[in-house]
Amino acid sequence: MFLAALLMFALAGQAGAHEGHGDEAPTSAAALPRVAAESEAFELVGILQPGGVMLIYLDRWAGNAPVDGGVNVTLDGQEIQAERQGIGLFLLRHPRLAQPGSLDLIFSITAGEEMDLLTGHLGIPEPASAAAEQHTWLDALREAPVLLAAGLGLLVVGLLIGRLSAPRPLPAMIEADLAPAQPVPEAKAIRVAASVAVVLLMSLPAMAQTTVAEPPRRNDDGTVFMPKPSQRLLTIRTEVTATGDALATTQIVGTLVPDPNASGRVQPSQSGRLEPGERGLPTLGQRVERGQVLAFVTPSYTASERGTLVQNAAELDSQITILAARVNRLTALRGSVSEREISEAQAELNGVRQRRAAIQPALSGREPLVAPVSGVVSVVRAALGQLVDNTQAVFEIVDPARLWVEALAFDRTSLDNIAGASAVLGDGRSVELEFAGRGLTVRQQAVPLNFRVVNPPADVAVGAPVVVLVRNRRNVQGIVVPAEAVVRSAEGPPVVFEHTAAERFAPRPVRVLPLDGARVVITAGIEPGRRVVTQGANLIAQVR
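Residues numbered from 1 in each chain as written. Predicted model: local features only at pLDDT ≥ 70, side-chain atom pairs only at ≥ 80, totals over all residues. Heavy atoms only, no water.

J.: How do you make sense of the overall build of the chain when you look at a structure like this?
T.: When its secondary structure is counted, the chain shows nine helices and 32 strands. Taking all 544 residues of the chain together, 36% fall into the buried category. Of all intrachain contacts in the chain linking residues separated by at least 6 positions in sequence, the fraction that spans at least 24 positions is 69%. When the accessible area of the chain is evaluated, it comes to approximately 30,900 Å², of which 55% is carbon and sulfur surface. (Helix = DSSP H or I, 4+ residues; strand = E, 2+ residues; numbered from the N terminus. Buried < 20%, exposed > 50% of the residue type's maximum accessible area, 1.4 Å probe, protein only. Contact = heavy atoms within 4.5 Å. Areas by Shrake-Rupley, 256 points an atom, 1.4 Å probe, with all protein chains shown as cover.)

The following block contains the structure:
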């Protein structure tokens, strides 16, 4: 019986309207009575809930942010303090709010040192018709034959269960002391089934009730009705527009590249086999210092090349022996021979020794691969025993604190008098740039530009594409707003949402120019002094 009762009440919470009312139009999004009031500082919305309870939402007029303060309400000459439920949310209880009619309200607001008085008018509608109020459970039975049939079915099932649970005589072979416990009498089973049927009948009136919801919706004129609870949930914020001057901006595409003075490539001067250094081969992201040995390259030759080197070395060794003996003989005869002859012999001996020392690394030595700059290893093309040549870069080193942006500008007229630039990364972050120079040779019908990145982020990737916003010294007059305030409409053109009323937002088509990675300039479409949504505009645009 308990499980059946839970099932019936669960069904009652999900039931729709009874027959004769299911074909009516759905409840309007603004079905609940409400009062709205605003001033230069505050905006207040009171929503009357069923049962004579009013929820009051208090926000800033300019930014639409909740206000932490207090609200006192005067109605019928009586001042009542609203109960604080949270930041900017209050609850008002009064018997007069449950009575139909017209009601004038005065709201006294205190927020820190700020105080304000707001007035509003609340219209409480008449209750439902008397026929609807007298709709009894007998009417529900007549209007819901399916539910009636289900109740009768449950009753029959209960009777069958009670009948099957009636006591029966035991066979003679079973001893009396082993007989099972006395089962539930048939009368008790009938009472259980009757209780289930009563629970079903009691839940029928609850099934005929409906609930009222206030979801956001788009009106026929294109405006969006956004209730205050939804605004709090979506964190909608606004800003009052103001006219100002901004620099004209041109948008081009660029790529992050390393600074040529703070990056380098490590490659051998001859072909050979790669060997690790004292600390092994460097890994990606490893910090290295200038002059640090990263690896060694052992020269590799063919048999004929190695034979030629050995032959040259033997010849040089023979010449060194002969020249050394000559220098010793001439030195012993000093005074008998001229000093010029002795100097020439010594110079010839030193030259041959240098030639022999030059080919010695080719026979048994290793070439060290040294880091040309200090930085982080960004590319590794090395493995133990790998054969490399002098045209292959084994390692590439980049200083992450010194990066450039290389961009191509197709509009040459916008490159005159560059006042500054910024770059928007792939994740939406913006970095400031310094103009370094422009090329004189056209590349892909565009002029190459170089910019230095000021304080680049530590996690930025070299080679990543960026959007470069080049600011010229030509001023443009307009309204500067955050970039997220401008969204694409269903038709395609950019729009902003104007906060025309407490719970109403109107789309306004605008013409915009990029300013930097976080702001844009509205040149047409909206006037100064309007409240424009600057946070959550993309969520409002999705309301249908």
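J.: What should I look at first to understand empty space enclosed by the protein in this one?
T.: The rolling of a water-molecule-sized probe over the atoms marks out the regions of remaining empty space. The final tally for this structure, using the stated rule, is one cavity of 30 Å³ or more. As a volume, the largest cavity reaches approximately 30 Å³. D59, N64, P66, K228, Q231, R232 and R237 are the residues that line the largest cavity. No other element matches the three residues that helix α6 (residues 228–234) contributes to the lining of the largest cavity. Class assignment for the residues of the lining of the largest cavity results in one nonpolar, two polar and four charged. (1 Å grid on protein atoms, 1.4 Å probe; cavity = no way out; pocket = protein on both sides within 12 Å on 5 of 7 lines; lining within 4 Å. Points joined across faces, edges and corners; volume = space filled by probe spheres on them. Nonpolar A, V, L, I, M, F, W, Y, C, P; charged D, E, K, R; others polar.)

J.: Would you mind going over helix α4 (residues 145–164) with me for this structure?
T.: Side chains that are three or four residues apart share a direction in an α-helix, a result of its 3.6 residues per turn. An ideal rise of 1.5 Å per residue puts 28 Å on 20 residues; α4 measures up with 29 Å between its terminal C-alpha atoms. Looking at α4, one finds that the buried residues are G151, G158 and G162. Viewed along the axis of α4, the buried residues span an arc of 35 degrees, placing them on a single side of the element. Residues of α4 that are exposed and point over 90 degrees away from its buried face: P145, V146, L160, R163 and L164. (Expected span 1.5 Å × (residues − 1). Arc of directions from axis to C-beta.)

J.: Whenever I open this one, the pattern of salt bridges confuses me. Can you help?
T.: When their charged atoms lie close together, side chains carrying opposite charge are able to pair. Per the stated rule, a full pass over the model turns up 25 salt bridges. R471 is the partner of E432 in a salt bridge, and the nearest nitrogen-oxygen pair spans 2.8 Å. You can see E432 sitting in strand β24 (residues 430–438) and its partner R471 sitting in strand β26 (residues 465–482), a full 39 residues away along the chain. Judged by relative accessible area, which is 37%, E432 ranks as partly exposed. (Salt bridge = Lys/Arg side-chain N within 4 Å of Asp/Glu carboxyl O.)

J.: Explain the sheet that holds strand β2 (residues 42–49) to me, please; I cannot follow it from the model alone.
T.: Sheet strands associate in pairs through backbone hydrogen bonding, adopting either a parallel or an antiparallel arrangement. Within the open sheet, the five strands sit side by side as β1-β2-β3-β7-β6. Their pairing is antiparallel. Of all the strands in the sheet, the pair left with one neighbour each is β1 (34–38) and β6 (83–86). Adjacent strand axes in the sheet meet at a mean angle of 20 degrees, parallel and antiparallel pairs treated alike. In the sheet, strand β3 (residues 53–60) pairs with strand β7 (residues 89–93) via five bridges, with the strands oriented antiparallel. Bridging from a neighbouring strand, Y57 pairs with L89 of β7. (Pairing = 2+ DSSP bridges. Axes fitted to C-alpha atoms, helices over the stretch in contact; angles between N-to-C directions.)

J.: Would you take a moment to explain the layout of surface pockets for this structure?
T.: Estimated volume of the second largest pocket: approximately 220 Å³. Elements with a contribution of two residues or more to the lining of the second largest pocket: β28 (494–501) and β29 (504–509). The class makeup of the residues in the lining of the second largest pocket is six nonpolar, two polar and four charged.

J.: What exactly am I supposed to notice about the side chain of E367 here?
T.: Along the chain, E367 turns up in strand β18 (residues 367–370). By relative accessible area, which is 17% here, E367 ends up buried. Reaching out from E367, the side chain makes a polar contact with the side chain of S269 at a distance of 2.8 Å. Those residues in contact with E367 that lie beyond four places of it in its chain are P268, S269, Q270, A295, F296 and V297. (Polar contact = N/O pair within 3.5 Å; in protein donor to acceptor, adjacent residues only side chain to side chain.)

J.: Hey, could you run me through the nonpolar core in this one?
T.: Burial of nonpolar side chains together is a common tendency in soluble globular proteins. Formed by 25 residues in total, the largest nonpolar core has its most connected members in M54, I56, V71, L105 and F107. Taken together, the elements giving at least two residues each to this core come down to β1, β2, β3, β4 (70–75), β7, β8 (101–111) and β9 (114–124). If we ignore the near neighbours within four places in the chain, the residues touching V71 are L44, I56, L58, I80, Q81, A82, F90, F107 and S108. One finds V405, A409, I418 and V466 within the second-largest nonpolar core, a separate group that totals 22 residues. (Core = buried A, V, L, I, M, F, W, Y, C linked by side-chain atoms within 4.5 Å.)

J.: Can you walk me through the sheet that holds strand β16 (residues 287–288) in this structure?
T.: The sheet built from four strands is open, its strands ordered β14-β21-β19-β16 with antiparallel pairing. Each having just a single partner strand, β14 (263–266) and β16 make up the two edges of the open sheet. With four bridges joining them, strand β19 (residues 375–380) and strand β21 (residues 395–398) adopt antiparallel strand pairing. If you follow V376 over to β21, its bridge partner there is V398.

J.: Quick question: what am I supposed to make of the environment of I320 here?
T.: Position of I320 among the secondary structure elements: in helix α7 (residues 303–332). Taking relative accessible area as the criterion, I320 reaches 16% and is therefore assigned buried. The sequence separation of I320 and L349 amounts to 29 residues, and the corresponding C-alpha distance is 6.2 Å. If we skip the residues at most four places from it in the chain, I320 touches L349, V352, R353 and R356.

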